[in-house]
Amino acid sequence: MAELADLSATELRRLYAAGETRPSEVLDEVLQRADGWEPRIQAFTQRMAEAAAESARQSDARHADGKPLGVLDGIPVT
């Protein structure tokens, strides 16, 4: 499988529904990738990693209950 940070929103939705990954796992990969690139590209003026992590944990719970808020619940965006 491709790295989670490389998957499309459609692929992530399928994995979440199947219980094969969680939004918090995807966020971890996305943040690691951003950490690696940020010193070179300086794309972020403000990082809200703690808020994103809390949102991902809440999304984990909703997906585990089979009740995501919508089609983009748990899909990371910047």
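Parameters and conventions
- Residues numbered from 1 in each chain as written.
- Predicted model: local features only at pLDDT ≥ 70, side-chain atom pairs only at ≥ 80, totals over all residues.
- Heavy atoms only, no water.
- Salt bridge = Lys/Arg side-chain N within 4 Å of Asp/Glu carboxyl O.
- Helix = DSSP H or I, 4+ residues; strand = E, 2+ residues; numbered from the N terminus.
- Buried < 20%, exposed > 50% of the residue type's maximum accessible area, 1.4 Å probe, protein only.
- Phe/Tyr/Trp six-rings, centres within 6.5 Å; stacked < 30°, edge-to-face > 60°.
- Lys NZ or Arg CZ within 6 Å of the ring centre and 35° of its normal.
- Core = buried A, V, L, I, M, F, W, Y, C linked by side-chain atoms within 4.5 Å.
- Contact = heavy atoms within 4.5 Å.
- Arc of directions from axis to C-beta.
- Axes fitted to C-alpha atoms, helices over the stretch in contact; angles between N-to-C directions.
- Parallel < 35°, antiparallel > 145°, perpendicular 65-115°, else oblique.
- Nonpolar A, V, L, I, M, F, W, Y, C, P; charged D, E, K, R; others polar.

Glancing now at the pattern of salt bridges. This structure, assessed with the given rule, holds 7 salt bridges. With a shortest N-O distance of 2.2 Å, D35 and R47 are connected by a salt bridge. With a gap of 12 residues between them, D35 in helix α2 (residues 23-41) and R47 in the loop between α2 and α3 (49-64) connect regions that are remote in the sequence.

Turning our eyes to something else, we now look at the environment of A52. Note on placement: A52 falls in helix α3. For A52, a relative accessible area of 28% translates into the label partly exposed. Taking the C-alpha atoms as reference points, A52 and L31, 21 residues apart in sequence, are found 9.7 Å from one another.

A few words now on the packing of aromatic side chains. Per the stated rule, a full pass over the model turns up 0 aromatic pairs. Against the face of W37 rests R40, its NZ or CZ located 4.7 Å from the ring centre.

Okay, the nonpolar core next. Core analysis: the largest hydrophobic core is formed by 7 residues, namely L4, L7, L12, L15, Y16, V26 and I75. Once you skip the residues sitting within four places of it in the chain, L12 turns out to touch L4, L7, V26, I75 and P76.

The subject of this paragraph is helix α1 (residues 9-18). Each α-helix winds once per 3.6 residues, and so residues spaced three or four apart point in a common direction. Of the positions making up α1, those classed as buried are L12, L15 and Y16. Projected down its long axis, α1 carries its buried residues within an arc of 100°, all on one side. Set apart from the buried face of α1 by more than 90 degrees, the exposed residues are T10, R14 and A17. Looking at the buried positions of α1, the neighbouring elements they touch are α2 and α3. Directly after α1, the chain includes G19, whose backbone phi takes a positive value near 75°.

Of note in the backbone geometry, Q42 takes a positive phi value of approximately 45° without being a glycine. Examined against the element boundaries, Q42 turns out to sit in the loop between α2 and α3. Given the relative accessible area of 62%, Q42 is considered exposed.

Orientation of α2 relative to α3, taken along the N-to-C sense of each, is 150°, at an axis distance of 7 Å. Between α2 and α3, the crossing angle belongs to the class labelled roughly antiparallel. Residues P23, S24, L27 and L31 of α2 form the contact with α3, whose participating residues are A49, A52, A53, A56, S59, D60 and H63. The residue inventory of the contact of α2 with α3, partitioned by class, reads 7 nonpolar, 3 polar and 1 charged.

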